Amino acid sequence: MAEDPTHEVFMRRALELARQGWGNTHPNPMVGAVIVEEGRIVAEGAHAQDGGPHAERLALLARGKTPRPGATLYVTLEPCSTHGRTGACTEAIIASGLKRVVIGAADPNPAHAGKGFDVLREAGIEVIAGVLEADCRDLNLIFNQWITQQTPLLAAKAAVTLDGKIASRAGDSRWITNEAARADVHRWRRLFPAIAVGAMTVAKDNPKLTARVDGQEEWCPWRFVFDGLLRTVVDKSLPQVYTDQFRERTIVVTTPHGGMGYVRKLRDLGVKVWLLNSPTQRVTFADFRQKCVEEKIYGVYFEGGAQLISELVRARQLDYLFIYRAPMLLGDEKAKNIFNGLRPERLEQALRLAEVRHEEFGDNDLTRGRMVYPEKMLVNETVFSVR
């Protein structure tokens, strides 16, 4: 990895450009690129949406002419070396006459990783890789999971007190975190193609489950409601996710135990229903994940409740975790925890986070990272081992 601080300055600008595609590029990654001549940015580009021109090509187009001798291209992700809908970016770079390319992260696709570097170097271009690599890799959490595992990123979010509580014993939870932290939640909602909650959260909070970011139009992802018995459809007064202007973006995930009459009622309202076979009233998360693959839903952001997220963890199906924490203490053993049902006897049986990132929002903070499950995990007094 290069240590030149100048490289980091220009790569940070490329990252800013890449984020302009936040939530719009699935299943492609967000990528930003800048061309620098004599220490000055002369052209920029960012991948805006799936099927559109890649960042490198847009930067070269914005330059409008052959880059000057000594010019450098900075790009957040290894340039593609295969022909897709837009052609190989390595070919465009070689044709431009550029002699130096600085790259953030390698392509996570095992079939392509490093090939772009090789193609450029074989053409006589100097390649400097690994500049702000962790930041560039972190930018594309959803893409990285999809391209390497062909499965959606299942992530969960929770807002907790310092002692890990999500609500008082009476269920009071508004608001644990401050306004800035809650605004960040909406930013992540805008990234993920889908948001998911359980039936109890819908019944208690009647949430909108839309992304409301300052300066942007309200945006509705796919909205999953996990309701194995279709309890949210029983009352005449239905939750707003079944009746609002975005109801066709709502998907109820249920089992045959809920009753076909309620399924027809939802579909008549314009709400979609995923009826997944299960021997119990609980949806099998592995089946849900596979259905997301079939429907090309690349990431799901679970926002509660505690029972739904705990079930995800116990099933080892949660990939990523966001924990927002506020400086308050409840000190009550009967206050509500975000996780339950695990019984680790030793610290080696604890769940951990990898690739951890920290952010501050005034006196609140966010810790997020990839879930790492222990080899053996005690769940309700039964030991489940990795196979």
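Structure's up top.
Remember, it's a predicted structure, so these values are computed and weren't measured experimentally. Numbering of residues begins from 1 in every chain and follows the order in which that chain's sequence is written. The predicted origin of the model limits local features to residues at a pLDDT of at least 70 and limits the giving and counting of side-chain atom pairs to 80 or more, whereas totals for whole chains, interfaces and linings rest on all residues. Hydrogens are left out, water is left out, and the side-chain values use all remaining heavy atoms of the structure.

**What to know about the side chain of Thr90**
The cut-off we apply is this: Secondary structure elements are taken from DSSP: a helix is a run of H or I of four residues or more, a strand is a run of E of two residues or more, and numbering for both begins at the N terminus. Contact definition: two residues touch when any of their heavy atoms are within 4.5 Å.
Inspection of the secondary structure assignment puts Thr90 in helix H3 (residues 89-96). If near-sequence neighbours (up to four positions away) are discounted, Thr90 is found in contact with Pro79, Cys80, Ser81, Gly116, Val119 and Leu120.

**Points about the sheet that holds strand E4 (residues 100-105)**
Our working rule: Note on pairing: two strands pair once DSSP finds at least 2 bridges between them. Working convention: axes come from line fits to C-alpha atoms, limited for helices to the stretch in contact. Angles between N-to-C directions cover 0 to 180 degrees.
As summarised here, the arrangement of the five strands in space is E2-E1-E3-E4-E5, forming an open sheet in which the pairing is mixed. Each edge of the open sheet is held by one strand with a lone partner, namely strand E2 (40-46) and strand E5 (126-129). Taking each pair of neighbouring strands and ignoring which way they run, the sheet shows an average axis angle of 20 degrees. The pairing of strand E1 (residues 32-37) with strand E3 (residues 72-77) spans four bridges and is antiparallel.

**Considering the pattern of salt bridges**
To keep it simple, the criterion reads: For this analysis, a salt bridge means a side-chain nitrogen from Lys or Arg found within 4 Å of a carboxyl oxygen belonging to Asp or Glu. For the exposure calls, accessible area comes from a 1.4 Å probe over protein chains only, and a residue counts as buried if that area is under 20% of its type's maximum, exposed if over 50%, partly exposed in between.
Summed over the entire model, instances satisfying the criterion amount to 25 salt bridges. Between Glu303 and Arg189 there is a salt bridge, and its shortest N-O distance comes to 2.6 Å. Of the two residues, Glu303 is situated in the loop between strand E12 (299-302) and helix H11 (306-314) and Arg189 in helix H7 (residues 179-191); the sequence distance between them amounts to 114 residues. What makes Glu303 buried here is its relative accessible area of 14%. Of the residues examined, Arg189 reaches a relative accessible area of 9% and is grouped as buried. Here Arg289 ties to Asp319 by a salt bridge, and the two come within 3.1 Å at their closest N and O atoms. Note that Arg289 is positioned in helix H10 (residues 285-295) and Asp319 in the loop between H11 and strand E13 (320-325), a separation of 30 residues in sequence.

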